[in-house]
Amino acid sequence: MTNKLKYFIGNWKMFGDLGSFKIVAKINRFANKFHTYNNKFKIILCVPSTLVYFFKFKIKLKHIFIGGQNCHFNQTYGPFTGHVNASMLKKTGAEYVILGHSENRADGETNKLIKKKIKSSIDQNLKVIFCIGESFKEKKNGKTFSVLRKQMRESVEKRFNLNKIIFAYEPVWSIGTNRIPKKEQLEKIIEFIKKEYKRNFRSKYYPRVLYGGSVNNNNIRIFSKISNLDGFLIGGASQSSKKFIDIIKNYYK
Ligand code: PGA
């Protein structure tokens, strides 16, 4: 059920300008060095679309991949002021895209809309980091599993190229709050997502499932003991090269 390769994905959110290439350069140096004796992890930085091209080509990235943080569902150009689509992201150097993030769901993104985005991103050969997670109220009312099931079923279809989707379990109440789920709880939820996926999409394989929400260089030690986790989606802490690198170092300590 667990893949050996662990993902450390940075979600920069609305952060960064041209000067931020220094952060990427430092993480890149670390990745190059560490990689020679430990090729067990993959680093992906999901940055604002204004920076994708610049980071991708300014620095020689050997062991870091660049992704976007959202895209429009329309496959071609169109009258959608302020948006970029999957093809535009791909052409500027992104290999991944985060979709379904709760901050965008809070702005009105529905499961149905997210599904169109997933489809269009896969069609454009982007790998999708698909975020799912329950709110605090849903958790309190014992709805976690049913919410996750609905989010998965309503946004993913069996006919999609499923191995292009990485799931990120991000409980809304843990994002940017310094609150994290209990170890046993998280283990169960990750197992649920993997089994539900396999059953529902009749897949031979378990999917990759990451955790996201207030991951930092201290609590990563707790997460490193959860064997069915395939990696992490890291928000705030990924905006500092030191914090991000320390998370990876401490994970393997
Ligand atoms: P956080 O954000 O690590 O700052 O809690 C995670 C995310 O939003 O992906």
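Residues numbered from 1 in each chain as written. Predicted model: local features only at pLDDT ≥ 70, side-chain atom pairs only at ≥ 80, totals over all residues. Heavy atoms only, no water.

Participant: Can you help me understand the packing of helix H7 (residues 144-155) against helix H8 (residues 183-200) in this one?
Facilitator: When two helices pack together, their arrangement is given by the angle between their axes and by how far apart the axes lie. The contact between H7 and H8 brings their axes to 11 Å, and the two run at 40 degrees. With respect to H8, the axis of H7 lies oblique. In this structure, H7 crosses over H8, and the sense of that crossing is right-handed. Mapping the contact onto sequence places Thr144, Phe145, Leu148, Arg149, Met152 and Arg153 in H7 and Lys188, Ile189, Phe192, Ile193, Glu196, Tyr197 and Asn200 in H8. Class assignment for the residues of the contact of H7 with H8 results in seven nonpolar, two polar and four charged. (Axes fitted to C-alpha atoms, helices over the stretch in contact; angles between N-to-C directions. Helix = DSSP H or I, 4+ residues; strand = E, 2+ residues; numbered from the N terminus. Parallel < 35°, antiparallel > 145°, perpendicular 65-115°, else oblique. Left-handed = near helix turned anticlockwise from the far one by under 90°. Contact = heavy atoms within 4.5 Å. Nonpolar A, V, L, I, M, F, W, Y, C, P; charged D, E, K, R; others polar.)

Participant: Could you clarify how one ought to interpret H7 in this entry?
Facilitator: One full turn of an α-helix is made of 3.6 residues, so residues set three or four places apart face in the same direction. Over its 12 residues, H7 extends 17 Å from the first C-alpha to the last, a length consistent with the 16 Å expected when each residue adds 1.5 Å. Within H7 the residues assigned to the buried category are Thr144, Val147, Leu148, Gln151, Met152 and Ser155. What you see down the axis of H7 is that its buried residues fit within an arc of 125 degrees, all on one side. As for H7, its buried residues are in contact with helix H4 (102-105), helix H5 (111-123), strand E5 (127-132), helix H6 (136-140), strand E6 (165-169) and H8. (Expected span 1.5 Å × (residues − 1). Buried < 20%, exposed > 50% of the residue type's maximum accessible area, 1.4 Å probe, protein only. Arc of directions from axis to C-beta.)

Participant: Sorry if this is basic, but what is going on with the site of the ligand here?
Facilitator: For the ligand, the set of nearby residues contains 13 residues, the closest of which are Lys13, His101, Glu170, Gly176 and Ser214. Within the side chain of Asn11, one N or O atom sits 3.3 Å away from an oxygen atom of the ligand. Here an oxygen atom of the ligand sits 2.7 Å away from a polar atom, N or O, in the main chain of Ser214. Contact with the protein chains hides 95% of the accessible area of the ligand, taken as 280 Å² for the molecule alone. Here the shell around the ligand is built from residues that sort into three nonpolar, eight polar and two charged. (Near = heavy atom within 4 Å. Polar contact = N/O pair within 3.5 Å; in protein donor to acceptor, adjacent residues only side chain to side chain. Areas by Shrake-Rupley, 256 points an atom, 1.4 Å probe, with all protein chains shown as cover.)

Participant: Sorry, what's going on with the pairing of strand E7 (residues 208-212) here?
Facilitator: Residues in a regular strand point their side chains to alternate faces of the sheet. In terms of burial, E7 is largely enclosed, as four of its five residues are buried. Sheet analysis places E6 next to E7, joined by four bridges and oriented parallel. In the strand pairing of E7, Tyr169 is matched with Tyr211. On the question of chirality, the crossover connecting E6 to the parallel E7 by way of H8 is right-handed. Where E7 lies against strand E8 (residues 231-234), two bridges are found, and the strand directions are parallel. Directly across from Gly212, in E8, lies its bridge partner Leu233. (Pairing = 2+ DSSP bridges. Right-handed = clockwise from strand over helix to strand, strands pointing away.)

Participant: I tried to follow the side chain of Lys117 on my own but got confused; where do I start?
Facilitator: Locating Lys117 in the fold gives a position in helix H5. Looking at Lys117, the relative accessible area reads 7%, which means it is buried.

Participant: Which parts of the structure should I look at to understand the pattern of salt bridges?
Facilitator: A pair can form between side chains of opposite charge whenever their charged atoms are brought close. Under the criterion given, the structure shown has 14 salt bridges. With a closest N to O distance of 2.7 Å, Glu109 and Lys117 form a salt bridge. Neither residue differs from the other here; Glu109 and Lys117 are each classed as buried. The shortest N-O distance in the salt bridge between Glu187 and Lys183 comes to 3.3 Å. With Glu187 and Lys183 both in helix H8, this residue pair falls four residues apart, about one helical turn. By relative accessible area, which is 25% here, Glu187 ends up partly exposed. Members of the salt-bridge network, linked through shared partners, are Arg149, Arg153, Glu196 and Arg199. (Salt bridge = Lys/Arg side-chain N within 4 Å of Asp/Glu carboxyl O.)

Participant: Could you clarify how one ought to interpret the packing of H5 against H7 in this entry?
Facilitator: Interaxial distance between H5 and H7 falls to 8 Å at its minimum, and their mutual angle equals 50 degrees. Classified by the interaxial angle, the pair formed by H5 and H7 is oblique. Classified by chirality, the crossing of H7 by H5 is right-handed. Across the interface between the two elements, Asn111, Lys112, Ile114, Lys115 and Ile118 from H5 touch Lys150, Gln151, Glu154 and Ser155 from H7. Taken together, the residues of the contact of H5 with H7 break down into two nonpolar, three polar and four charged.

Purely geometric numbers; function is a separate question.
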